[in-house]
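# A look at the structure
Listed here are the chains, written in short residue letters.
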Amino acid sequence: LTGEDSTATGKGVLGDTKSFNTLVNSNGSYLVDRTRGNGIFTYDAKNRTRIPGTLWLDSDNVYNAAYDGAAVDAHAYAGQTYDYFQDVHSRNSYDGNGAELISTVHYGRSYNNAFWSGSQMVYGDGDGNTFVPLSGALDVIAHELTHAVTDTTADLIYQNESGAINESMSDIFGTLVEHHFNNTPDWQVGEDIYTPNVAGDALRSMEDPTLSGDPDHYSKRYTGTGDNGGVHINSGISNKAAFLLANGGTHYGVTVAGIGNDKAGDIYYRTLTQYLTPSSNYSHFRVSTIQAATDLYGASSAEVASVKAAFSAVGVN
Ligand SMILES: Cc1cccc(C(=O)O)c1OC(=O)C1CC1
Ligand SMILES: [Zn+2]
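Rules of the game
Residue numbering note: each chain is counted from 1, following its sequence as written. The lettering of chains begins at A and the numbering of ligands begins at 1, in the order of writing. Where totals are concerned, whole chains, interfaces and linings use all residues; where local detail is concerned, this predicted model gives features only for residues with pLDDT of at least 70, and gives and counts side-chain atom pairs only at 80 or more. Only hydrogens and water are set aside when side-chain values are computed; all heavy atoms of the structure are taken into account. When DSSP finds at least two bridges between two strands, those strands are taken to pair. Counting from the N terminus, the helices are DSSP H or I runs at least four residues long and the strands are E runs at least two residues long. Only Phe, Tyr and Trp rings take part, Trp by its six-membered ring, and two of them pair if their centres are within 6.5 Å. Stacked means planes under 30 degrees apart, edge-to-face means over 60, and tilted covers everything else. Here's how the labels work: a residue is buried when its accessible area is under 20% of the maximum for its type, exposed when over 50%, partly exposed in between, all with a 1.4 Å probe on protein chains only. Salt bridge criterion: a side-chain nitrogen from Lys or Arg within 4 Å of a carboxyl oxygen from Asp or Glu.

### Thoughts on the pairing of strand β2 (residues 17-25)
Looking at chain direction, strand β1 (residues 4-11) and β2 are connected through 8 bridges and run antiparallel. When the sheet's bridge partners are listed, Ser6 is paired in β2 with Thr22. Joining the antiparallel neighbours β1 and β2 is a turn of 5 residues, in which Gly15 adopts a positive phi near 85°. What sits between the antiparallel neighbours β2 and strand β3 (residues 28-30) is a turn of 2 residues.

### Observations regarding the packing of aromatic side chains
As enumerated under the stated definition, the model contains 15 aromatic pairs in all. Here Tyr107 and Tyr111 contribute two aromatic rings whose centre-to-centre distance is 5.1 Å and whose plane-to-plane angle is 70°, an arrangement assigned as edge-to-face. We classify Tyr107 as buried; its relative accessible area is 12%. Ring centres of Tyr282 and Phe285 lie 6.2 Å apart, and the angle between their planes is 50°; on these two criteria the pair is classed as tilted. Here Tyr282 and its partner Phe285 are both found in helix α7 (residues 282-297), 3 residues apart, which amounts to about one turn of the helix.

### Digging into the pattern of salt bridges
All chains considered together, the criterion is met by 9 salt bridges. Its salt-bridge partner being Glu167, residue Arg204 comes within 3.7 Å of it at the nearest N-O pair. Within this pair, whereas Arg204 is found in strand β13 (residues 204-205), its partner Glu167 is found in helix α3 (residues 160-180), the two being separated by 37 residues in sequence. The residues Arg204 and Glu167 share a single accessibility class, namely buried. Two residues, Arg204 and Asp171, come together in a salt bridge whose shortest N-O distance is 2.8 Å. Of the two residues, Arg204 is situated in strand β13 and Asp171 in helix α3; the sequence distance between them amounts to 33 residues. Residue class for Asp171 comes out buried when judged on its relative accessible area of 1%. Within the structure, one salt-bridge network assembled from shared partners comprises Asp16, Lys18 and Asp73.

Given below as structure tokens:
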């Protein structure tokens, strides 16, 4: 594929106008951003389930059609997430080596899911009631791309406690990316694309996981076999700890002094990339996070004290 690097404008899923990089040649404008790593490439599954589908081609480099919104956001938000990992953690794409970021939108029919396939991001359109097109939220895209970072580092097994930590890491960095770009930041997950007819709810809440029925303490963990042993359920335990570490608070009588998003992000990034292993459980997660904070701030630092308190507050001692 040859052509000229260009900048296009378009409307996202929620009608917001944004600009993004494209590649233009005699065929038209492709959603190809050659300015980041080995490139960001966005595809159209055309409501079938073959991936990646067709590389997105637009006629005039203006992406304002309703059908374009999911692709606009998948492409632009992948670029923002790339920038977060590069600028904040000096990580060049999800593998640290500039790996291509490939996304497919309009996957399936009324598909209420988004996922990392093991080699690319995939977004359904939602059914318009549970979800609108799932690429319409930055925290969702950063969640999916963090699965790729996890798979190329700790490679946490996607079941039981290691799977819950895997999921929580994606929720944590999804939220930190949303805050980094000040994109109506909060400690909810997927709020911008979840239940368009219900205000104020979210797919999950890190601030209060019990709002979506998930545990906020290790003693309330799910021990069944559903959801791969509760990977999207027991993630609430770590999500609550992360909320407390960044923001502070008192939970089940344990007070945590908040250390802010940036320090929390550096600690979790070092934990994920230097200490966690495929079979890490919550106990090893506590030890690893304390070690990462110790490396960064010293054993007697306030940051280490807050990590210990955050895990203790959710019953991981
Ligand atoms: C919507 C959805 C369904 C199943 C798996 C995932 C998954 O990627 O684990 C998923 O996406 C999310 O959880 C993102 C945060 C909204
Ligand atoms: Zn996930």
